[in-house]
Amino acid sequence: MTIIGSDARETVLLGEFRRRLDDLKVNGLYREFIAGAHRADDRGQTQYGDRRLQVWCSNDYLGLSQHPDVILAQIESTFRHGTGNGGSRNIAGTSASHVELEERLAAWHGKERALIFSSGYVANFESLSTMISAMPDTVVFSDALNHRSLIEGISRTGCRKHVFRHNDADALESDLAQYPLEQPKIIVFETVYSMDGDVAPLSAFLDLAERYNALTFVDETHAIGVRGPTGAGLSEELGDHRATFIQGVFGKAIGTVGGYVAGPDSALDYVRSFAPGFIFTTALPQAGVDATLKGLELVQRDGELRVALDAGTRYAKNALRAAGIDFIDADSHLVPVMVPGAERVRRVARRLLDDFGIYVQPINFPSVPRGTERFRVTVAPYRTREQIDYFVQALSACLADA
């Protein structure tokens with residue numbers, strides 16, 4: 001028997017990492033990060049080396065990460081409270097601001113309680129995995145295009161699950177009908193899907209939940225801030241508040257960082273008491289929470305931001321349509337521009353960056369199926385019509401040559 005030394009074992013393992021990375025590069029799937037690729041000023045530009053770039057794929061949907069009131073709230077709070085909280089929520093990390101934010105979120109969604117997490121991913125994963133594990137006979141019904149955080153939270157439990165066709169109420173009902181009413185069930189879906197920009201049949205799914213005695217866990221990540229009279233999401237827009245749990249994030253339209261779940265007091269108190277990813281992690285800094293409180297205030301009171309977002313999105317869609325550029329015309333602020341081919345979408349992205357000063361990140365496998373590569377374009381309120389026209393003209397030129 002040949003015994004491999006520790007150095008040789010390390011070489012073999014590291015070689016496997018390199019081989020897999022090489023495979024990504026050969027197949028056009030290797031992801032490159034551009035430092036500074038975010039909105040940096042009120043003209044929608046960012047500094048990249050000695051160049052100014054326009055960023056067209058940001059999740060900062062309303063531009064609030066650069067709002068002076070949000071920035072000032074974080075700076076002032078940092079001077080008062082420091083840069084960190086010094087512990088997890090159950091040790092030294094719960095401030096008055098954490099409590100206030102959770103209370104305001106619960107009231108916003110008309111729920112008994114809210115619980116904030118370090119990210120939307122953690123909010124989904126920890127809440128679902130903890131609650132489902134506490135109900136071992138629960139059957140989960142999950143939309144086929146659910147976010148990875150939802151999928152992983154469900155899978156972690158090893159529960160029985162059905163993955164139903166995307167946004168298909170008939171398929172969901174067919175799965176639900178296989179179980180008696182007394183069987184514990186939970187339906188998990190999103191309201192706005194980030195890769196296609198399409199919207200769930202929320203009320204139809206909630207009707208089925210009532211009919212088949214199921215709980216519902218609704219991810220409003222991409223609707224928070226941009227849908228509804230005060231930005232509380234699709235549930236608020238439709239006036240349908242029957243969802244058991246609402247999940248949302250701060251890192252998109254609210255302009256800061258973190259995530260949350262709102263719902264029944266007993267369930268979220270259980271998550272607070274048992275979820276490892278909540279108990280054993282450092283709390284969000286109070287300064288960041290204070291900035292979130294200010295961002296939430298702006299979202300709730302300033303409907304003009306949503307009006308501007310909608311107007312810019314409509315103008316961009318009309319310009320893309322006029323230019324003959326293929327995109328998914330969904331009922332949301334997300335505009336998926338289709339550029340099939342992993343290498344092709346990378347070439348187009350690189351030329352947009354090099355020749356036109358436009359940054360837009362390719363979306364490829366595994367985020368979307370092979371052959372459906374795309375750009376996920378967002379048109380924030382600060383975009384001018386001249387910038388939109390420039391973007392469409394540049395994109396048209398790059399696609400023609402790709």
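Quick look at the structure, then. All values reported here derive from a predicted model rather than from experimental measurement.

1. A short note on the sheet that holds strand 1 (residues 45–48)
Ordered in space as 1-2-11, the 3 strands form an open sheet in which the pairing is mixed. The open sheet is flanked by strand 1 and strand 11 (358–359), the only strands paired with a single partner. With 2 bridges joining them, strand 2 (residues 51–55) and strand 11 adopt parallel strand pairing. Note that in strand 11 the partner of Gln-54 across the bridge is Ile-358.

2. Notes on the environment of Gly-84
Following the sequence through the fold, Gly-84 ends up in the loop between helix 2 (68–81) and helix 3 (96–109). In this structure, the C-alpha to C-alpha distance between Gly-84 and Arg-385, residues 301 residues apart in sequence, is 41 Å.

3. Some details on the packing of aromatic side chains
Following the criterion strictly, the structure yields 9 aromatic pairs and no others. Here Phe-164 and Phe-205 contribute two aromatic rings whose centre-to-centre distance is 5.6 Å and whose plane-to-plane angle is 85°, an arrangement assigned as edge-to-face. With Phe-164 in strand 5 (residues 160–164) and Phe-205 in helix 7 (residues 202–211), this residue pair connects regions lying 41 residues apart in the sequence. Per residue, the accessibility class of Phe-164 equals that of Phe-205, and both read buried. Through successive ring pairs, a cluster of aromatic residues spans Phe-164, Phe-189 and Phe-205. Cation over ring: Arg-370 sits above Phe-365, and NZ or CZ is 3.8 Å from the ring centre. Stacked on the ring of Trp-56, the Lys or Arg Arg-383 has its end atom at 4.4 Å from the ring centre.

4. With respect to helix 13 (residues 342–356)
The end-to-end C-alpha distance of helix 13 is 21 Å, a good match for the 21 Å that 15 residues give at a rise of 1.5 Å each. When helix 13 is considered as a whole, its buried residues turn out to be Ala-342, Val-345, Val-348, Ala-349, Leu-352 and Leu-353. Burial along helix 13 is one-sided: seen end-on, the buried residues are contained in an arc of 140°. Just past helix 13, the residue Gly-357 takes up positive phi, approximately 65°.

5. Concerning helix 7
Residues Leu-202, Phe-205, Leu-206, Leu-208 and Ala-209 constitute the buried set of helix 7. Angular distribution of buried residues about the axis of helix 7 spans 155°; they occupy a single face of the element. Contact partners of the buried residues in helix 7: strand 5, helix 6 (169–176), strand 6 (185–190), strand 7 (215–219) and helix 8 (234–238).

6. Let's talk about the pattern of salt bridges
This model, assessed by the stated rule, comprises 25 salt bridges. In this structure, the salt-bridge partner of Asp-207 is Arg-242, at a minimum N-O distance of 2.9 Å. One end of the pair, Asp-207, is in helix 7; the other, Arg-242, is in the loop between helix 8 and strand 8 (245–249), with 35 residues separating them in the sequence. Relative accessible area serves as the criterion here: at 32%, Arg-242 is assigned to the partly exposed category. Within the structure, one salt-bridge network assembled from shared partners comprises Glu-16, Arg-19, Arg-20 and Asp-23.

7. Focus: unusual backbone geometry
The peptide bond linking Phe-365 to Pro-366 adopts the cis configuration, its omega dihedral lying at 10°. Within the secondary structure, Pro-366 sits in the loop between strand 12 (362–363) and strand 13 (374–378). In this structure, Asn-167 takes a positive phi of about 60° despite not being glycine. Here Asn-167 shows up in the loop between strand 5 and helix 6. On the accessibility criterion, Asn-167 (18% relative accessible area) is buried. In this model, Asn-213 sits at a positive phi of 60°, which is unusual for a non-glycine residue. Inspection of the secondary structure assignment puts Asn-213 in the loop between helix 7 and strand 7.

The rules behind these values
Residues numbered from 1 in each chain as written. Predicted model: local features only at pLDDT ≥ 70, side-chain atom pairs only at ≥ 80, totals over all residues. Heavy atoms only, no water. Pairing = 2+ DSSP bridges. Helix = DSSP H or I, 4+ residues; strand = E, 2+ residues; numbered from the N terminus. Phe/Tyr/Trp six-rings, centres within 6.5 Å; stacked < 30°, edge-to-face > 60°. Buried < 20%, exposed > 50% of the residue type's maximum accessible area, 1.4 Å probe, protein only. Lys NZ or Arg CZ within 6 Å of the ring centre and 35° of its normal. Expected span 1.5 Å × (residues − 1). Arc of directions from axis to C-beta. Contact = heavy atoms within 4.5 Å. Salt bridge = Lys/Arg side-chain N within 4 Å of Asp/Glu carboxyl O.

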